[in-house]
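Listed here are the chains, written in short residue letters.
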Amino acid sequence: MSGSTAAPDQLDERLVRTSPLRKLLGRPELGSVVGAAAVFLFFAIVADSFLQASSFGTVLYAASVLGIMAAPVALLMIGGEFDLSAGVMVTSSALISSMFSYQMTANVWVGVFVSLLVTLAIGAFNGFMLTRTKLPSFIITLGTFLMLTGLNLGFTKLISGTVSTKAIGDMEGFESARVLFASTLTLGGVEFKVTILWWAALVGIATWILLRTRFGNWIFAVGGEADAARAVGVPVIRTKIGLYLGVAFAAWISGQHLLFSYDVVQSGEGVGNELTYIIAAVIGGCLITGGYGSAIGSAVGAFIFGMTSKGIVYAEWNPDWFKFFLGAMLLLATLLNAWVRKRAEATT
């Protein structure tokens with residue numbers, strides 16, 4: 001008989017006990033949490049009003065508007081892809097809801113659901129073109145970005161005669177839609193926007209998908225090495241199309257918030273926001289190369305964005321400095337995340 005007992009160093013790595021420090025270092029959002037603590041302490045010192053309860057509600061609102069989009073963008077980046085059309089897709093979603101409702105003189109909820117279908121179709125188009133043409137997602141979504149930018153402006157001017165939509169605040173269903181997408185909740189005398197709840201829900205769902213479902217395993221697999229994932233039976237095409245549909249769904253939510261917050265929509269809005277979503281995901285620990293990151297990290301990245309954008313105002317600094325701080329945070333967070341990952345690998 002040739003049976004033998006496995007040596008201790010030959011044990012299945014899944015049975016090896018992991019130290020708390022090693023688990024902590026292995027978390028992709030660790031660097032962003034450290035950065036968030038540093039940003040919080042900095043503005044708590046330099047801005048007297050930063051720690052007021054009302055300021056906290058404002059910071060959370062700024063973070064939530066970004067975070068709603070940053071969560072699905074983070075999942076898409078973990079899957080190894082980008083979406084440069086995400087920013088203008090938000091505006092497209094709002095424009096479709098507004099113009100369809102106004103032109104058809106229908107209940108605004110009809111426009112809301114038509115917008116959902118069209119926005120999801122745009123996401124499906126991105127995913128389909130990516131998987132069929134094999135072109136880089138940068139090229140595919142850049143093309144979609146340019147097309148949507150032109151369509152937003154062209155259709156708005158064609159239908160309304162100006163670069164903004166007509167007001168629909170007096171139409172049936174507007175107030176109930178505002179409650180869902182743009183209402184304000186008061187807790188303890190502090191006002192919180194409903195977008196904070198949308199943000200928390202999307203981050204929770206995205207985290208559950210990544211860590212508790214088969215689809216989450218597929219996302220990490222296709223982001224790490226798509227060909228290897230396909231070889232072991234991972235449905236790469238379905239996974240990537242699903243990720244683009246997730247971005248489109250979040251764009252729909254953000255678009256409805258934009259519409260029902262201001263009643264009218266400017267057709268040129270949203271350009272450049274796609275980079276901010278990507279920055280939040282990268283600050284939160286996502287790798288540009290894919291296969292690594294977390295939805296919670298994207299939330300921390302969005303929170304850092306909210307603290308910085310409002311902290312500069314509370315400190316009474318020139319807001320022109322915001323982009324400088326955002327770029328500096330991106331570089332520092334990327335370096336810190338790389339260092340943390342190397343330390344985690346060194347402990348294995």
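Cut-offs used in this document
Residues numbered from 1 in each chain as written. Predicted model: local features only at pLDDT ≥ 70, side-chain atom pairs only at ≥ 80, totals over all residues. Heavy atoms only, no water. UniProt positions renumbered as here; feature names shortened; annotations may be inferred. Buried < 20%, exposed > 50% of the residue type's maximum accessible area, 1.4 Å probe, protein only. Helix = DSSP H or I, 4+ residues; strand = E, 2+ residues; numbered from the N terminus. Pairing = 2+ DSSP bridges. Phe/Tyr/Trp six-rings, centres within 6.5 Å; stacked < 30°, edge-to-face > 60°. Lys NZ or Arg CZ within 6 Å of the ring centre and 35° of its normal. Core = buried A, V, L, I, M, F, W, Y, C linked by side-chain atoms within 4.5 Å. Salt bridge = Lys/Arg side-chain N within 4 Å of Asp/Glu carboxyl O. Patch = residues over 30% accessible without salt bridge, like charges linked within 9 Å, V, L, I, M, F, W, Y side chains within 5 Å. Areas by Shrake-Rupley, 256 points an atom, 1.4 Å probe, with all protein chains shown as cover. Contact = heavy atoms within 4.5 Å. pLDDT = per-residue confidence, 0-100. Arc of directions from axis to C-beta.

The chain goes by Xylose transport system permease protein XylH in an unreviewed UniProt entry, where it is assigned to Streptomyces microflavus. Recorded under Function (unreviewed entry), the UniProt text for the chain is reproduced unchanged: "Part of the binding-protein-dependent transport system for D-xylose. Probably responsible for the translocation of the substrate across the membrane."

Both faces of the sheet carry side chains from a regular strand, because those side chains alternate between them. Where burial is concerned, the two faces of strand S2 (residues 190-193) differ: the one with Val190 and Phe192 is buried and the one with Glu191 and Lys193 is not. Counted between consecutive antiparallel strands, the loop separating strand S1 (residues 184-187) from S2 contains two residues, among which glycine 188 sits at a positive phi close to 60°.

How two aromatic rings sit relative to each other is given by the distance of their centres and the angle of their planes. Applying the stated rule across the entire model yields 14 aromatic pairs. Centroid distance phenylalanine 181 to tryptophan 198: 5.9 Å. Interplanar angle 5°. Geometry classified as stacked. Taken together, the positions of phenylalanine 181 in helix H7 (residues 174-182) and tryptophan 198 in helix H8 (residues 195-212) put the pair 17 residues apart, joining distant regions of the chain. We classify phenylalanine 181 as buried; its relative accessible area is 1%. Measuring from centroid to centroid gives 5.3 Å for phenylalanine 305 and phenylalanine 322, while their planes differ by 80°, and the two rings are edge-to-face. Of this pair, phenylalanine 305 sits in helix H13 (residues 295-314) while phenylalanine 322 sits in helix H14 (residues 322-346), and the two are 17 residues apart along the sequence. Accessibility assignment for this pair places phenylalanine 305 and phenylalanine 322 in one class, buried. Site record: aromatic cluster; members linked through ring pairs are Trp109, Phe113, Phe174, Phe181, Trp198, Phe249, Trp252 and Phe260. Positioned over the ring face of tyrosine 61 is lysine 193, at 5.8 Å from the centre of the ring.

It is worth spelling out the nonpolar core at this point. Formed by 83 residues in total, the largest nonpolar core has its most connected members in Met69, Met77, Trp199, Phe260 and Ile304. Among the elements that make up this core, the one with the highest residue count is helix H3 (residues 53-78) (14 residues). Counting residues in hydrophobic clusters, the runner-up holds six residues, among them Trp218, Val222, Ala226 and Val234.

All told, the structure shown has two salt bridges when counted by the stated rule. With its nearest N and O atoms 3.1 Å apart, the salt bridge here joins arginine 230 to aspartate 227. Residue arginine 230 and its partner aspartate 227 are located together in helix H10 (residues 226-231), separated by three residues, close to a single helical turn. When its relative accessible area of 40% is taken as the criterion, arginine 230 is described as partly exposed.

Moving on to a nonpolar patch on the surface. On the surface, a nonpolar cluster with roughly 590 Å² of combined accessible area is contributed by Phe125, Met147, Leu151, Phe155, Leu158 and Ile159. Sort the elements by how many residues they give to the nonpolar patch and helix H6 (residues 137-160) lands first, with five residues. Here leucine 151 lies in helix H6.

Attention now moves to the pairing of S1. Two elements, S1 and S2, share four bridges in a ladder whose sense is antiparallel. Its bridge partner being in S2, leucine 185 is matched across the sheet by phenylalanine 192.

Glancing now at the UniProt feature "transmembrane region" (unreviewed entry) in the chain. When the UniProt feature table is mapped onto this chain numbering, "transmembrane region" (unreviewed entry) sits at residues 30-47, 59-77, 108-128, 135-155, 192-211, 243-265, 277-305 and 321-340. Along residues 192-211 one finds 85% helix and 10% strand; the C-alpha atoms at either end are 29 Å apart. This span, residues 277-305, is 62% helix and 0% strand, and a straight line between its end C-alpha atoms measures 10 Å.

Turning to its location among the elements, alanine 250 is positioned in helix H11 (residues 236-262). Judged by its relative accessible area of 1%, alanine 250 is buried. As a C-alpha pair, alanine 250 and threonine 207 span 43 residues in sequence and 15 Å in three-dimensional space. Ignoring anything within four residues of it in the chain, the contact list for alanine 250 reads Ile68, Met69, Pro72 and Leu202.

Our focus in this paragraph is the confidence of the model for the chain. Averaged over all residues, the pLDDT of the chain equals 88, while 90% of them reach at least 70. Contacts of residues 1-16 to residues separated by more than four positions or lying in other chains number zero contacts, the stretch itself having pLDDT below 50.

Turning our attention to helix H9 (residues 214-224). Three or four residues apart is the spacing at which side chains of an α-helix point the same way, because the helix has 3.6 residues per turn. All of the buried residues along H9 are Gly216, Trp218, Ile219, Val222 and Gly223. In a view along the axis of H9, the buried residues occupy a sector of 155°, so they form one face of it. H9 presents Arg214, Asn217 and Gly224 as exposed residues on the side facing more than 90 degrees away from its buried surface. On its buried face, H9 sits against H3, H8, H10 and H11.

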